[in-house]
Amino acid sequence: MADSFLTFISEIIRKPGEVGAVAPSSKYLGIEISNYVKSPSEPINVIEVGPGTGAFTKIIADKLKPKDRLDVIEFNSEFVKVLKEKMKDYPNVFVHCLSITDWKPDYKYDYMVSSLPFNVFDDSFVKVILNHYEDIMKPNSMISYFEYMLFPKLKKMLLSGTKKENFLKLHQVLDDFRHKYEIDTKKVFINFPPAYVHNLKLSS
Ligand SMILES: C[S@@+](CC[C@H](N)C(=O)[O-])C[C@H]1O[C@@H](n2cnc3c(N)ncnc32)[C@H](O)[C@@H]1O
């Protein structure tokens, strides 16, 4: 637990533009963001994108039956070491070390929990990621992701010129995707910083 926290903090310091967080998320955010994940009688495929050191991974895995599958996609190799150790007693959880844009499975998913830090990416990369999300998910599947509550507003206020234009473009891409599929948004205050959880249903 302490190891996983220290690894997360040291990688935030080393690679702030990739990790895009100020601290690991709380278990309350983990419970809310995995709220829609349910294991019915048929086996399901679940994917977690950007798990970090696994703040949500066990919460998701504990909702699954042995016949279900959870793929965990993280491209930071230090986080992957921690995750593999943490999840070693879960035979239906598979940790993969690569970027989500390079993950091309020959099956599709019923649920996705995404923690990617969209706010630190540019709009063209976010478009690529969101198109890829649509490709790897089944029709009527669910995507849940979070964003920090005040961060986008603060960043918008502090930026100017081209940087501000790029940030607004990025938000347009994210908002378009969200408005297309959103079924609800929840607020989680017991997290640092407080966050919104957006729940989307990929209706065809
Ligand atoms: C905001 S952190 C979230 C970590 C954890 N889920 C939490 O909430 O505490 C985002 C994570 O996404 C990972 N990440 C960033 N870009 C990625 C990509 N293209 N593919 C896979 N993981 C990525 C980062 O390494 C980092 O672990």
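As shown above, the structure is provided for reference.
Remember, it's a predicted structure, so these values are computed and weren't measured experimentally. (Residues numbered from 1 in each chain as written. Predicted model: local features only at pLDDT ≥ 70, side-chain atom pairs only at ≥ 80, totals over all residues. Heavy atoms only, no water.)

K.L.:
So what exactly am I meant to see when it comes to the overall build of the protein chain here?
P.N.:
Helix and strand counts for the protein chain come out as eight helices and seven strands. For 204 residues, the compact-globule estimate of 2.2 N^0.38 gives 17 Å, and the C-alpha radius of gyration of the protein chain, at 16 Å, lies within 12% of that figure. In the protein chain, buried positions account for 50% of the 204 residues. Residue pairs at least 24 apart in sequence account for 71% of intrachain contacts in the protein chain once pairs closer than 6 positions are excluded. One way to put it: in the protein chain the 28 positive side-chain charges average out to a point 3 Å from where the 26 negative ones average out. (Helix = DSSP H or I, 4+ residues; strand = E, 2+ residues; numbered from the N terminus. Rg over C-alpha atoms; globule rule 2.2 N^0.38 Å. Buried < 20%, exposed > 50% of the residue type's maximum accessible area, 1.4 Å probe, protein only. Contact = heavy atoms within 4.5 Å. Lys, Arg positive; Asp, Glu negative; His and termini not counted. Charge placed at Lys NZ, Arg CZ, Asp CG, Glu CD.)

K.L.:
Help me understand the packing of helix α6 (residues 123–136) against helix α8 (residues 161–181) in this model?
P.N.:
Helices that pack against each other are described as a pair by the angle of their axes relative to one another and the distance between those axes. At a minimum axis distance of 8 Å, the contact between α6 and α8 shows a crossing angle of 20 degrees. Compared by their axis directions, α6 and α8 come out roughly parallel. Here the hand of the crossing between α6 and α8 comes out right-handed. Contacts between α6 and α8 involve Asp 123, Val 126, Lys 127, Leu 130 and Glu 134 from the first element and Lys 169, Leu 170, Val 173, Leu 174, Phe 177, Lys 180 and Tyr 181 from the second. Residues of the contact of α6 with α8, tallied by class, amount to seven nonpolar, no polar and five charged. (Axes fitted to C-alpha atoms, helices over the stretch in contact; angles between N-to-C directions. Parallel < 35°, antiparallel > 145°, perpendicular 65-115°, else oblique. Left-handed = near helix turned anticlockwise from the far one by under 90°. Nonpolar A, V, L, I, M, F, W, Y, C, P; charged D, E, K, R; others polar.)

K.L.:
Honestly, the pattern of salt bridges in this entry has me stumped. Any pointers?
P.N.:
Working definition: two side chains of opposite charge can pair if their charged atoms are close together. Taken as a whole and judged by the stated rule, the model has eight salt bridges. Asp 110 is paired through a salt bridge with Lys 138; the nearest N and O atoms lie 3.0 Å apart. Within this pair, whereas Asp 110 is found in strand β4 (residues 109–114), its partner Lys 138 is found in strand β5 (residues 137–148), the two being separated by 28 residues in sequence. Accessibility expressed as a relative area gives 17% for Asp 110, which makes it buried. Salt bridges here are not isolated pairs; linked through shared partners, they connect Asp 175, Arg 178 and Glu 182. (Salt bridge = Lys/Arg side-chain N within 4 Å of Asp/Glu carboxyl O.)

K.L.:
What is the right way to look at the packing of aromatic side chains in this model?
P.N.:
By convention here, two paired aromatic rings are described through the distance between centres and the angle between planes. Summed over all chains, the structure comprises seven aromatic pairs. Seen in terms of ring centroids, Phe 121 and Phe 125 are 5.1 Å apart; in terms of plane orientation they differ by 75 degrees. Their pairing is edge-to-face. You can call Phe 125 partly exposed: its relative accessible area is 31%. Arranged with centres 5.3 Å apart and planes meeting at 75 degrees, the rings of Phe 177 and Tyr 181 form a pair that is edge-to-face. Highlighted residues: Phe 177 and Tyr 181, both in helix α8, separated by four residues, approximately one helical turn. Residue class for Tyr 181 comes out buried when judged on its relative accessible area of 10%. Grouping aromatic residues by their ring pairs yields a cluster made of Phe 56, Phe 146 and Tyr 148. Over the face of the ring belonging to Phe 94 we find Arg 69, whose NZ or CZ atom lies 4.1 Å from the ring centre. (Phe/Tyr/Trp six-rings, centres within 6.5 Å; stacked < 30°, edge-to-face > 60°. Lys NZ or Arg CZ within 6 Å of the ring centre and 35° of its normal.)

K.L.:
Got a minute to help me understand the environment of Ser 160 in this structure?
P.N.:
Within the secondary structure, Ser 160 sits in the loop between α7 (151–158) and α8. Taking the C-alpha atoms as reference points, Ser 160 and Phe 75, separated by 85 residues in sequence, lie 31 Å from one another.

K.L.:
Is there a simple way to think about the site of the ligand in this case?
P.N.:
Lining the immediate surroundings of the ligand are 25 residues, of which Val 19, Ser 25, Glu 74, Ser 99 and Ile 100 lie closest. Take Pro 51: an N or O atom from its main chain is 3.3 Å from a nitrogen atom of the ligand. Backbone polar atom of Ile 100 to a nitrogen atom of the ligand: 3.0 Å apart, as the coordinates give it. Taken by itself the ligand offers 600 Å² of open surface, and the protein chains cover 99% of this. Listing elements by their share of the shell around the ligand, those giving two or more residues are α2 (16–19) and β2 (69–74). For the shell around the ligand, the class distribution of residues is 16 nonpolar, seven polar and two charged. (Near = heavy atom within 4 Å. Polar contact = N/O pair within 3.5 Å; in protein donor to acceptor, adjacent residues only side chain to side chain. Areas by Shrake-Rupley, 256 points an atom, 1.4 Å probe, with all protein chains shown as cover.)

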